[in-house]
Amino acid sequence: MPDEWSNDDLSPEERPDAPSELRDLEDELCRLTGVHAVRVVGDRSGRPIEVHVLADPSKPAKQTVRDVRAVAQTVFGIELDHRIVSVAQLNTNDQNTPVGIELPRTESRARVGSIIVEAVGLRAQVRVVLVQNEQELTGYAEGSIASAARPQLVASAALDALRQGEPAAEAIHITSAEISRVGSNRVAVVTVVYVDPPSELVVSGSAVVRRDRDDAVARALLDATNRRLTRAERGRASG
């Protein structure tokens, strides 16, 4: 089996630079329950010196601080002093949304649960599990074992999973999926087409490769689809 089908950790020179890592940390922290916005300030070497969190009162501020430190340590290997983490909690309305602020419906957005790749001979099958509203959605894709085909297979399996929970995803067609180098970073880029005859809209999504290229491809697919599917859902609800 070709070496390209392994997902070994990136070597030091392939890891994202400090500013990119801080942006990735912000994105990851925004996935915490009750957290609506995060701003991480770093020093010249890229070490976090301030972490500002905007959250709702669904859990104590001290618990949010513990969650922030746990994510930074386990996902990025960054140990944060609790004294640099500040949490601001907003009053909310009945829908648990900060008053005066319109926020995306993050509760409906899917996230990557797991990715399994099995290769037999010259064929490979990819299974992607997405988690949406605590429900697991499983998608499959099968194709060539060629290393160049792997990103496309992962993106296709992720889209197949997305279709299990979102009928509007049937209008999405993947045109490309690849891993590119941008500066010192490796970035997964997925391009899709939304088809609404006679119109077609091309949209791209991207995700920095952290440890696993397959995970980055799946996240890039979601980056290209989540916001637009959320808007489509809102349109159906208002109609």
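So, a few notes on the structure that sits alongside this text. From a predicted model like this one, the values you see are computed outputs, not experimental measurements.

The subject of this paragraph is the sheet that holds strand 2 (residues 48-55). Across the sheet, 3 strands lie side by side as 1-2-3; this open sheet has mixed pairing. Since the sheet does not close on itself, it has two edges, and those belong to strand 1 (35-42) and strand 3 (85-89), each with one partner. Neighbour to neighbour, the strand axes of the sheet diverge by 15° on average, direction disregarded. In this fold helix 2 (residues 61-76) packs onto strand 1, strand 2 and strand 3, with an angle of close to 135° to the strand it touches most, strand 3.

Once that is clear, we can look at the pairing of strand 9 (residues 199-208). Inspection of the sheet shows strand 8 (residues 185-196) paired to strand 9 by 10 bridges, in the antiparallel sense. From the neighbouring strand, Val195 faces strand 9, where its bridge partner is Glu200. Between strand 8 and strand 9, which pair antiparallel in sequence order, lie 2 residues.

Between its first and last C-alpha, helix 2 extends 22 Å over 16 residues, near the 22 Å set by a 1.5 Å rise per residue. For helix 2, the set of buried residues is Thr64, Val65, Asp67, Val68, Val71, Ala72 and Phe76. The buried residues of helix 2 all sit within an arc of 160° when viewed along its axis, so they share a single face. Exposed side chains of helix 2 directed beyond 90 degrees from the buried face belong to Lys62 and Thr74. Of the residues flanking the end of helix 2, it is Gly77, one or two places downstream, whose phi is positive at about 70°.

Calculation rules
Residues numbered from 1 in each chain as written. Predicted model: local features only at pLDDT ≥ 70, side-chain atom pairs only at ≥ 80, totals over all residues. Heavy atoms only, no water. Pairing = 2+ DSSP bridges. Helix = DSSP H or I, 4+ residues; strand = E, 2+ residues; numbered from the N terminus. Axes fitted to C-alpha atoms, helices over the stretch in contact; angles between N-to-C directions. Contact = heavy atoms within 4.5 Å. Expected span 1.5 Å × (residues − 1). Buried < 20%, exposed > 50% of the residue type's maximum accessible area, 1.4 Å probe, protein only. Arc of directions from axis to C-beta.

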